[in-house]
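Reading the structure
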Amino acid sequence: NAGVTQTPKFQVLKTGQSMTLQCAQDMNHEYMSWYRQDPGMGLRLIHYSVGAGITDQGEVPNGYNVSRSTTEDFPLRLLSAAPSQTSVYFCASSPYRATYNEQFFGPGTRLTVL
Amino acid sequence: AQKITQTQPGMFVQEKEAVTLDCTYDTSDPSYGLFWYKQPSSGEMIFLIYQGSYDQQNATEGRYSLNFQKARKSANLVISASQLGDSAMYFCAMREWDTGNQFYFGTGTSLTVIP
């Protein structure tokens, strides 16, 4: 049981490049989400999904795309990287609509855009 | 309006003393959950404790307890007998069950335990 896995752990991009951050979970959780963490701003929700084929925008969705073709995978795509997207990105998953459901976090991806 | 407010950017506590980290929340949903996470310098997010809006008693998990005051919309984390390993960022979060099921996080409190 690996929990939530994210790849890569570190990435450096040049402005304008695109890339995909991978996220997978093996707990059969319906709910998955992506956050970015910036100093002094806590975790801000980028996109989330409540099941395969269903995604929705969070607080800061601009510049990012997501898809959810399977329960296990929830990749985050940066369309055209900008220095403002330099951040630490966390993927998380949890059961959906259960009485008690903490989020389980991946280890994070530290992204630098030059 | 902010859903979760943590007003203490940084806190210091003497080793073996207790410390309270403040968290207030804003919701009109009667069904919600409150969570605390710890983020050490290594970066991972560690779940600490949970309180449901209908729970009658304050949650406790080992040295962690949650001081839940529903009328005041506060969910403060109390760490008893602080240890050096408690030095970390602490995030308060809320999940509203009836409206979207999203998690909302505060900006965090950096706790430093002094030997």
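All of the points below concern the structure found in this document. (Residues numbered from 1 in each chain as written. Chains lettered and ligands numbered in written order. Predicted model: local features only at pLDDT ≥ 70, side-chain atom pairs only at ≥ 80, totals over all residues. Heavy atoms only, no water.)

So, on to the state of the cysteines. Taken as a whole, this structure holds two disulfides over all chains when the rule is applied. Through a disulfide, Cys23(A) is tied to Cys91(A); the S-S separation comes to 1.8 Å. With the S-S dihedral at roughly -70 degrees, the linkage between Cys23(A) and Cys91(A) falls on the left-handed side. Taken together, the residues span a long stretch of sequence, with Cys23(A) in strand E3 (residues 19–25) and Cys91(A) in strand E9 (residues 87–94) at a distance of 68 residues. Each of the two residues, Cys23(A) as well as Cys91(A), counts as buried. Residue Cys23(B) pairs covalently with Cys92(B) via a disulfide, S to S 2.0 Å. Between Cys23(B) and Cys92(B) the sulfur-sulfur dihedral comes to about -65 degrees; the bridge is accordingly left-handed. With Cys23(B) in the loop between strand E3 (19–21) and strand E4 (24–25) and Cys92(B) in strand E10 (residues 88–96), the pair connects residues that are 69 residues apart, well separated along the chain. Residue Cys23(B) is classed as buried on the basis of its relative accessible area of 0%. (Disulfide = S-S within 2.5 Å. Helix = DSSP H or I, 4+ residues; strand = E, 2+ residues; numbered from the N terminus. Buried < 20%, exposed > 50% of the residue type's maximum accessible area, 1.4 Å probe, protein only.)

With that out of the way, let us pick up the pairing of strand E4 (residues 31–37) of chain A. All names here are of chain A. The element E4 is extensively covered by neighbouring structure, given that seven of its seven residues are classed as buried. Residues of E4 alternate between two faces, with Tyr31, Ser33, Tyr35 and Gln37 on one and Met32, Trp34 and Arg36 on the opposite face, all of them buried. Across seven bridges, the pairing between E4 and E9 is antiparallel. Looking at E9, one finds that glutamine 37 is bridged to valine 88. Bridge analysis of E4 against strand E5 (residues 43–51) gives six bridges, and the strand direction is antiparallel. Within E5, the position partnered with serine 33 by the bridge is tyrosine 48. In this structure, the hairpin formed by E4 and E5 is closed by a connection of five residues, where glycine 40 is found at a positive phi of approximately 80 degrees. (Pairing = 2+ DSSP bridges.)

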